Amino acid sequence: MKVSLKYYTIKYMIVILLLIIAVWAALFYAYILDEVYDNVDDGLKDRKIQIIKAVYHDPKLLGSKDFGFNEFKIKPISESEYKDKSRFYNKMFYMEYDDKDQPYRVLETDFIDQFGKRQRLEIRTSTVEQDELVYDLTTALIVLYILLVISIVAVNGYLLNKAMRPFYAILDRLKKYQFGISSSQEAQRYAIKEFEELNVEIEEMIDRNELVFHQQKQFIENASHELQTPLAIVINKIDLVIQNDDLDRKHMNFLSEVKGDLRRMAGLNKSLLMLSKIENSQFNKTEKVDFNEMISELVKSYEDFIEFKKVHVSIAEKGFFGADFNPDLAGILLSNLLKNAVKYNIEEGVVNIIIKDNELIFKNSSNGIPLDEAQIFNRFYKQGSDHSSTGLGLSIISTITKQYPGWDIVYKFEEKMHCFILSKNNAGLS
């Protein structure tokens, strides 16, 4: 699934932020515990000095065998147990008020009293519960993470939308750009360096494409016209030769075949020129086109051809098929569909034209053999041995429909009939 740039960056930013906060939380937790123990240890050291001084002034304190109100106890030790350095450790003690064990920090130190005896002093003080600290820290970090994500999404969305406006403007211009159609927009200048460079490069690219397009267009038109003239002259000369009474049947047939090939070449040249013009968007003017009326007029204009092929044509109007379309392209589109249905029909066959609101269906009888759906709209595709065909008629139809978003042409073989279905606005095919 494709996403926009801002959501793409936010997605990865959220994941990275989660990892960073997790690492930071672990380091922060270790740092807090270290600071807590450091402060507690400093307090225990101060109390150690105070208690030892008090013992020298009041020997009765040497009888403090259990932790009492003052949270310390003193017990005699042997010479072998005596240690010079103080020791710190954590230990759990039962508390009656909470009815559970609570964590304490304990300082254990040895000293010699005023009587020359060795004593061990243990001082304890309550510290934070690590499980509660972890819970509170985790809760705080989750809230912080959620607030950070919401803030980042909001701020990043606002800033990206503001910063990306030039990009969207450039993209919108590219979407509306068509070959051969000059843009009336004034040259844009952008404050962001990268967008300014992108705009300049696109302007230069459009200028180069327009130059190549006009050169190609001019070449195709000139080449087509230059070919049409000698072809027409050669065909006329062959007609004059054929009219010569001294010509025998063998040469007459030969010249007739040459004339047919030249006519086919002329038709091929016109079709290729037409395809080039369509693909180059030279038919870009549109207006309201009544396809129902245009089909009726085409059937009338092809009456002689229809009678010659001995085909029966029927029109069933089940709706109104109208659209904003180039009228010349609409005529070419319908003409090719009708000629295809009549020309590649069987003797005494039928052509059924069904008009709906969003579909035009051309059905014609066949010899029972379906066409290749995968290749039928390819250029120069021909199924059969009809040498008079250029193989471009259906390709022209497909090229025209591609010029209009939402339009489509498909081929189906139903009930031994070839069906060409022209649909618009992504309407479902029947």
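Calculation rules
- Residues numbered from 1 in each chain as written.
- Predicted model: local features only at pLDDT ≥ 70, side-chain atom pairs only at ≥ 80, totals over all residues.
- Heavy atoms only, no water.
- Patch = residues over 30% accessible without salt bridge, like charges linked within 9 Å, V, L, I, M, F, W, Y side chains within 5 Å.
- Areas by Shrake-Rupley, 256 points an atom, 1.4 Å probe, with all protein chains shown as cover.
- Salt bridge = Lys/Arg side-chain N within 4 Å of Asp/Glu carboxyl O.
- Helix = DSSP H or I, 4+ residues; strand = E, 2+ residues; numbered from the N terminus.
- Core = buried A, V, L, I, M, F, W, Y, C linked by side-chain atoms within 4.5 Å.
- Buried < 20%, exposed > 50% of the residue type's maximum accessible area, 1.4 Å probe, protein only.
- Contact = heavy atoms within 4.5 Å.
- Phe/Tyr/Trp six-rings, centres within 6.5 Å; stacked < 30°, edge-to-face > 60°.
- Pairing = 2+ DSSP bridges.
- Axes fitted to C-alpha atoms, helices over the stretch in contact; angles between N-to-C directions.
- Parallel < 35°, antiparallel > 145°, perpendicular 65-115°, else oblique.
- Left-handed = near helix turned anticlockwise from the far one by under 90°.
- Nonpolar A, V, L, I, M, F, W, Y, C, P; charged D, E, K, R; others polar.

**Things to note about a nonpolar patch on the surface**
At step 1: Taken together, the side chains of Trp24, Phe28, Tyr31, Leu144 and Leu148 make up a nonpolar region of the molecular surface, amounting to roughly 460 Å² of accessible area.
At step 2: Elements represented by at least two residues in the nonpolar patch include exactly α1 (5–57) and α2 (130–163).
At step 3: Considering every element that reaches the nonpolar patch, the biggest residue donor is α1, with 3 residues.
At step 4: Locating Leu144 in the fold gives a position in helix α2.

**With respect to the nonpolar core**
At step 1: Phe291, Phe325, Ile353 and Leu360 are the most contacted members of the largest nonpolar core, which totals 39 residues.
At step 2: Put simply, the parts of the chain that give this core at least two residues each are α6 (291–301), β7 (322–325), α8 (327–343), β8 (350–355), β9 (359–365), α9 (393–402), β10 (408–414) and β11 (417–423).
At step 3: Residue contributions to this core peak at 9 residues, all from α8.
At step 4: Excluding residues within four positions of it along the chain, Leu360 makes contact with Phe291, Ile295, Phe321, Leu334, Ile354, Ile355, Phe420, Ile421 and Leu422.
At step 5: One finds Ile52, Leu62, Leu107 and Ile123 within the second-largest nonpolar core, a separate group that totals 12 residues.

**So, the packing of aromatic side chains**
At step 1: A complete count under the given rule lists 11 aromatic pairs for this structure.
At step 2: Between Trp24 and Phe28, the aromatic rings sit 5.0 Å apart at their centres with planes inclined by 10 degrees, giving stacked as the arrangement. Here Trp24 and its partner Phe28 are both found in helix α1, 4 residues apart, which amounts to about one turn of the helix.
At step 3: Note on Phe28: relative accessible area 30%, which makes it partly exposed.
At step 4: Ring plane angle 80 degrees and centroid distance 5.6 Å describe the contact between Phe291 and Phe325, whose orientation is recorded as edge-to-face. A residue pair is termed long-range when its members are at least 10 positions apart, and Phe291 in helix α6 and Phe325 in strand β7 qualify at 34 residues.
At step 5: You can call Phe291 buried: its relative accessible area is 0%.

**A closer look at the sheet that holds strand β1 (residues 72–76)**
At step 1: If you trace the 4 strands from one edge of the open sheet to the other, you get β1-β4-β3-β2, paired in antiparallel fashion. Each having just a single partner strand, β1 and β2 (87–95) make up the two edges of the open sheet. On average, adjacent strands in this sheet sit at an angle of 30 degrees to one another, irrespective of strand direction.
At step 2: Note that β1 and strand β4 (residues 118–126) share 5 bridges and pair antiparallel. Paired with Lys75 across the two strands is Arg120, which belongs to β4.

**Considerations on unusual backbone geometry**
At step 1: One non-glycine residue, Lys310, lies in the positive phi region at around 55 degrees.
At step 2: Unlike most non-glycine residues, Glu348 shows phi in positive territory, near 65 degrees.
At step 3: Note on placement: Glu348 falls in the loop between α8 and β8.

**Description of the packing of α6 against α8**
At step 1: At their nearest, the axes of α6 and α8 sit 10 Å apart, and the two run at 50 degrees to each other. The orientation of α6 with respect to α8, classified from their angle, is oblique. Pair α6 / α8 crosses with right-handed handedness. Each of Phe291, Met294, Ile295, Leu298 and Val299 in α6 lies in contact with α8, whose residues at this interface are Pro327, Ala330, Gly331, Leu334, Ser335 and Leu338.
At step 2: Tallied by class, the residues present in the contact of α6 with α8 amount to 9 nonpolar, 2 polar and no charged.

**Section: the pattern of salt bridges**
At step 1: One pass over the structure, following the stated rule, counts 8 salt bridges.
At step 2: Salt-bridge contacts for Lys310 lead to Glu347; the nearest nitrogen and oxygen are separated by 3.6 Å. Here Lys310 is found in the loop between α7 (303–309) and β6 (312–317), whereas its partner Glu347 is found in the loop between α8 and β8, with 37 residues between them in sequence.
At step 3: Residue Lys310 is classed as partly exposed on the basis of its relative accessible area of 45%.
At step 4: A network of salt bridges, in which partner residues are shared, links Arg87, Glu108, Asp110 and Arg120.

**Description of α9**
At step 1: Burial runs high along α9: 8 of the 10 residues are buried.
At step 2: Within the sequence span of α9, burial applies to Leu394, Ser395, Ile396, Ile397, Ser398, Thr399, Ile400 and Thr401.

The quantities given are spatial measurements derived from coordinates; they are silent on function.
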